[in-house]
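# A closer look at the structure
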Amino acid sequence: MCNRARFKGEPETLFGSVAELFRERPRDNHFDPQELRPKGRAYVVREQDGIRGWDVMSWDVLGGKGAWPLTNVRNLGAPQWQRLAEDPKNRCIVPLTEFCEFTPDKHDLGDGKPPLKGEVWFSVTDQPVFAVAGFWQHTEIGDAFAMVTCDANALVQPVHPKAMVTILGPSDIDTWLGGSYAEIAALQRPFDETRMRVRGPVFPTRRDER
């Protein structure tokens, strides 16, 4: 679930952050923060030495140690995740403009090729860039993060019944980055579906759609 997302922008003063990167922006051609995929590098916002700024991390909080990339975490009470979530310095927020879930069923596009699942994209109507709760840790391959998930709301549920990313409202961001464990656990809840829009399904591998 939610292994595709997008951030159409570059670091600026969002979510109370300064327009500052804690480390230099990667210059290689493989760094594409506009298309977030497992193991890919993406922007996150975190706090360090009293400054809220931007960083670049890999989207696999296990740093390649798992059988597959661990991009999303639901159970913050599990010992290994609670250890990270309890400490504000390990929390971050992930700026997104939209996230994707794949349709549960395959679609026949009538082009003579096998049916395939479509991409359904979700965004927040009053926040062109919205914040998703996350946490990070040091790994052998560098710093890496995961997004925190919660129950699906009524908009996401028909496409992905099990979960959705935990979207934070503007008033929740300070709490997520600096609050107690109990306070951040209370933020792990579905976002208001009336403040979201859905687009799709689209089939970019078969049609000129994104």
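Residues numbered from 1 in each chain as written. Predicted model: local features only at pLDDT ≥ 70, side-chain atom pairs only at ≥ 80, totals over all residues. Heavy atoms only, no water.

Once that is clear, we can look at the overall build of the protein chain. Each helix and strand counted, the protein chain has three helices and 12 strands in total. Over its C-alpha trace the protein chain gives a radius of gyration of 17 Å, about what one expects of a compact globule, namely 17 Å for 210 residues. Its C-alpha atoms put the protein chain at 55 × 40 × 35 Å along the principal axes. Classification of the 210 residues of the protein chain by burial places 49% in the buried group. Contacts in the protein chain between residues at least 24 apart in sequence constitute 69% of all its contacts with a sequence separation of at least 6. Across the protein chain, the 27 positively charged side chains and the 30 negatively charged ones have centroids separated by 5 Å. (Helix = DSSP H or I, 4+ residues; strand = E, 2+ residues; numbered from the N terminus. Rg over C-alpha atoms; globule rule 2.2 N^0.38 Å. Buried < 20%, exposed > 50% of the residue type's maximum accessible area, 1.4 Å probe, protein only. Contact = heavy atoms within 4.5 Å. Lys, Arg positive; Asp, Glu negative; His and termini not counted. Charge placed at Lys NZ, Arg CZ, Asp CG, Glu CD.)

All right, on to the sheet that holds strand 12 (residues 196–202) then. Strand order in the open sheet formed by four strands is 1-6-7-12, with antiparallel pairing between adjacent strands. Of all strands in the sheet, those with a lone pairing partner are strand 1 (4–6) and strand 12, marking the two edges. Taken over all neighbouring pairs, the strand axes of this sheet differ in orientation by 30 degrees on average, direction set aside. Here three bridges tie strand 1 to strand 6 (residues 98–107), and the two strands are oriented antiparallel to one another. In the sheet register, Arg 6 faces strand 6, and the bridge partner there is Glu 98. (Pairing = 2+ DSSP bridges. Axes fitted to C-alpha atoms, helices over the stretch in contact; angles between N-to-C directions.)

What follows is about the side chain of Asn 90. Considering the arrangement of structural elements, one finds Asn 90 in the loop between helix 1 (79–86) and strand 5 (91–96). Exposure remark for Asn 90: the relative accessible area of 11% places this residue in the buried category.

Quick look at the side chain of Asn 153 now. Relative to the helices and strands, Asn 153 is located in the loop between strand 9 (142–150) and strand 10 (164–165). For Asn 153, a relative accessible area of 4% corresponds to the buried category. At 3.0 Å, the side chain of Asn 153 and the backbone nitrogen of Leu 155 are in polar contact. In terms of polar contacts, Asn 153 uses its side chain to reach the backbone carbonyl oxygen of Phe 191, at 2.8 Å. (Polar contact = N/O pair within 3.5 Å; in protein donor to acceptor, adjacent residues only side chain to side chain.)

This part takes up the nonpolar core. One finds Phe 99, Phe 145, Ile 167 and Trp 176 to be the most contacted residues of the largest nonpolar core, which totals 55 residues. Take this core: its biggest share by element is six residues, from strand 8 (residues 130–139). (Core = buried A, V, L, I, M, F, W, Y, C linked by side-chain atoms within 4.5 Å.)

What follows is about the pattern of salt bridges. Side-chain pairs of opposite charge can arise where the charged atoms are in close proximity. Following the criterion strictly, the structure yields 18 salt bridges and no others. With a closest N to O distance of 2.6 Å, Asp 143 and Arg 23 form a salt bridge. Residue Asp 143 is located in strand 9, and its partner Arg 23 is located in the loop between strand 1 and strand 2 (41–48); the two are separated by 120 residues in the primary sequence. What makes Arg 23 partly exposed here is its relative accessible area of 33%. Across the salt bridge formed by Glu 98 and Arg 199, the nearest N and O atoms sit 3.1 Å from each other. Within this pair, whereas Glu 98 is found in strand 6, its partner Arg 199 is found in strand 12, the two being separated by 101 residues in sequence. Overall, the relative accessible area of 30% leaves Arg 199 in the partly exposed class. Overlapping salt bridges bring together Arg 4, Arg 6, Glu 35, Glu 98, Glu 119 and Arg 199 as one network. (Salt bridge = Lys/Arg side-chain N within 4 Å of Asp/Glu carboxyl O.)

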